[in-house]
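An overview of the molecular structure
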Amino acid sequence: MPARILLVEDDLPIADNVILGLERDGFACAHVMLGAACLEFLQTNPVDLVILDVGLPDSNGFDVCKAIRRTSNVPIVFLTARADEIDRIVGLEIGADDYVLKPFSPRELVVRVKTILRRSKPALSNPPAGGGFQIDEARACIVFAGVPLNLTRAEFFMLRTLASAPQKVFSRQALMDAAGLADASLERVIDTHIKSIRAKLAAVSPGLELIRTHRGFGYSLNLP
Ligand code: CA
């Protein structure tokens, strides 16, 4: 069965291009132009990934994303025309998986979609995490010290990677790959995700510096 993608985009020429690119690669693509239509569609049609324009006529993509996240963990890729929105997209509470800055080539978008879909399949041979971390692959959830962490998808894959080999230093590139973020993503995207993961760990266990920065190398998870 082809992966099902929902495209939420009010700019028709862009939408046509994206649909063409996705269908050429074998994806099944549904298209709506409004945030409300997106939420309505998702109530009755399960999809594997949502491509969500930030600037919609009836609402903005951030609010739509938050509404989706109340009930679903489906991967979300933002389309944005404004570089200054990127910080918000990769920021703490939105819950997006990746973004593409307009103008973009449909090819570039398809590559990102494929990467995310590949990463969102649970790995079968993931070593168990120790040090108070429990990883629930099926629900894409990490429990720390008995508390389920409210992680975005990218954060989940990054923390899962760090927890798979405590003390080991992972490069930003390795974490980007694990999170399914495209090569073109900026290194500060990783730093922003790490900052967010640290905040979520600190909320459970204040004062513990679990994620260590290795300047020029990357990050490691150091268990107490
Ligand atoms: Ca738009």
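The structure reproduced in this document is the subject of the present report.

What counts and what doesn't
Residues numbered from 1 in each chain as written. Predicted model: local features only at pLDDT ≥ 70, side-chain atom pairs only at ≥ 80, totals over all residues. Heavy atoms only, no water. Buried < 20%, exposed > 50% of the residue type's maximum accessible area, 1.4 Å probe, protein only. Helix = DSSP H or I, 4+ residues; strand = E, 2+ residues; numbered from the N terminus. Pairing = 2+ DSSP bridges. Contact = heavy atoms within 4.5 Å. Axes fitted to C-alpha atoms, helices over the stretch in contact; angles between N-to-C directions. Core = buried A, V, L, I, M, F, W, Y, C linked by side-chain atoms within 4.5 Å. Patch = residues over 30% accessible without salt bridge, like charges linked within 9 Å, V, L, I, M, F, W, Y side chains within 5 Å. Areas by Shrake-Rupley, 256 points an atom, 1.4 Å probe, with all protein chains shown as cover. Salt bridge = Lys/Arg side-chain N within 4 Å of Asp/Glu carboxyl O.

**Observations regarding the pairing of strand 1 (residues 4–8)**
Working note: regular strand, side chains alternate between the two faces of the sheet. Where burial is concerned, most of strand 1 is hidden: 4 out of the 5 residues are buried. The sheet contact formed by strand 1 and strand 2 (residues 28–32) spans 5 bridges and is parallel. Of the residues in strand 2, the one forming a bridge with Val8 is Val32.

**Some words on the sheet that holds strand 6 (residues 133–136)**
Whenever strands of a sheet pair, they do so through backbone hydrogen bonds, lying parallel or antiparallel. In space, the 3 strands of this open sheet follow the order 6-7-8, with antiparallel pairing throughout. Each of the sheet's edge strands pairs with one partner strand only, and the pair in question is strand 6 and strand 8 (147–148). In the sheet, strand 7 (residues 141–144) pairs with strand 8 via 2 bridges, with the strands oriented antiparallel. Paired with Phe144 across the two strands is Val147, which belongs to strand 8. Its contacts with the sheet put helix 6 (residues 153–164) on strand 6 and strand 7, and the angle it makes with strand 6 is roughly 130°.

**A few points about the nonpolar core**
Within the largest apolar cluster, 47 residues are counted, with the highest numbers of intra-cluster contacts made by Val50, Leu52, Phe78, Phe133, Leu159 and Leu201. Broken down by element, this core gets its largest block of residues, 7 residues, from helix 6. With sequence-adjacent residues up to four places away left out, Phe78 is seen in contact with Leu52, Val54, Gly61, Phe62, Cys65, Ile89, Ile94, Ala96, Asp98, Tyr99 and Val100. Among the nonpolar cores identified, the runner-up in size contains 19 residues, and Leu7, Val18, Leu109 and Val113 belong to it.

**What about a nonpolar patch on the surface?**
Nonpolar side chains collect at one region of the surface, where Leu12, Met33 and Leu34 lie side by side and expose about 240 Å² of accessible area between them. Within the element layout of this structure, Leu12 appears in helix 1 (residues 12–24).

**Some points on the environment of Tyr99**
Along the chain, Tyr99 falls in strand 5 (residues 98–101). Classification of Tyr99 by relative accessible area gives buried; the value is 7%. Distance from Tyr99 to Leu181, taken between C-alpha atoms, is 9.0 Å for residues 82 residues apart in sequence.

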